[in-house]
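# Coordinate inspection notes
Chain residues, written in single-letter form:
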Amino acid sequence: KAGVTQTPRYLIKTRGQQVTLSCSPISGHRSVSWYQQTPGQGLQFLFEYFSETQRNKGNFPGRFSGRQFSNSRSEMNVSTLELGDSALYLCASSPGREYEQYFGPGTRLTVT
Amino acid sequence: QKEVEQNSGPLSVPEGAIASLNCTYSDRGSQSFFWYRQYSGKSPELIMFIYSNGDKEDGRFTAQLNKASQYVSLLIRDSQPSDSATYLCAVNAGANSKLTFGKGITLSVRP
């Protein structure tokens, strides 16, 4: 089975711009979660989608949003980028929300 | 606030030794427990999961769960330099809850 894929792998943006990241889960997995990882804060939960519905949301500002499509693929969007948004963004898929999650390779976002 | 705490590191062990990584959690209703390994510059990789009290073994890895003490641990036997990585403990309180991660502990295995 193919693993979780994320595109793009690397991204450089300027403050004030917006960005969209994409995640394709493992085939058959219906749950997709997004995380932000920085050296100082560790792995922080952004949101989780299950069958196109957002079921959980972390403590991030409204500039961070996401969605899930009928084929379980998911996108997250960050508007009005700030320097502090520079991080590794990880997507993880799961067969269901109480089961183990498998991570994609991540998107490294740098905001200048 | 549901929390997952991992003992402070870094942890350094000699090659061939047993590495013991510990994790405590605050939500007594937690049901699923996971250990991830993350190499520098890479994404987390699932190495063990455990749902029931007791031990679960997979090769050189053993996960131990004690729900009464709200404690989960990972033992790595015959540690190898390739085991050097950051290990993340994660806890799920149930079907309606998100996965909560600890800060991680960095393990270094000395040749």
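### Let's talk about the overall build of chain B
On a plain count of helices and strands, chain B comes out with zero helices and eleven strands. Mapped from its N terminus to its C terminus, chain B presents α and β elements in the order β-β-β-β-β-β-β-β-β-β-β. Taken against the 2.2 N^0.38 rule, which gives 13 Å for 111 residues, the C-alpha radius of gyration of chain B at 13 Å falls within 12% of a compact globule. In terms of its C-alpha atoms, chain B occupies a principal-axis envelope of roughly 45 × 30 × 20 Å. A total of 111 residues make up chain B; the buried ones form 46% of that total. Sequence separation of at least 24 residues holds for 53% of the intrachain contacts in chain B that already meet a minimum separation of 6. Surface exposure of chain B reaches about 5,300 Å², of which carbon and sulfur atoms provide 47%. Within chain B, the 10 negative side-chain charges are centred at a point lying 5 Å from the centre of the 11 positive side-chain charges.

### Section: the interface of chain A and chain B
Taken together, the contact pairs 17 residues of chain A with 19 residues of chain B. Together, the buried faces of chain A and chain B total about 1,600 Å²; carbon and sulfur atoms form 52% of this surface. Run the count over chain A and chain B and you get zero salt bridges. Residue assignment for the side of chain A that touches chain B shows that the elements contributing at least two residues are strand S4 (31-38), strand S5 (42-50) and strand S10 (102-103) of chain A. Counted by class, the side of chain A that touches chain B contains eight nonpolar, six polar and three charged residues.

Reading the values: the criteria
Residues numbered from 1 in each chain as written. Chains lettered and ligands numbered in written order. Predicted model: local features only at pLDDT ≥ 70, side-chain atom pairs only at ≥ 80, totals over all residues. Heavy atoms only, no water. Helix = DSSP H or I, 4+ residues; strand = E, 2+ residues; numbered from the N terminus. Rg over C-alpha atoms; globule rule 2.2 N^0.38 Å. Buried < 20%, exposed > 50% of the residue type's maximum accessible area, 1.4 Å probe, protein only. Contact = heavy atoms within 4.5 Å. Areas by Shrake-Rupley, 256 points an atom, 1.4 Å probe, with all protein chains shown as cover. Lys, Arg positive; Asp, Glu negative; His and termini not counted. Charge placed at Lys NZ, Arg CZ, Asp CG, Glu CD. Buried area = accessible area lost by both parts, 1.4 Å probe. Salt bridge = Lys/Arg side-chain N within 4 Å of Asp/Glu carboxyl O. Nonpolar A, V, L, I, M, F, W, Y, C, P; charged D, E, K, R; others polar.

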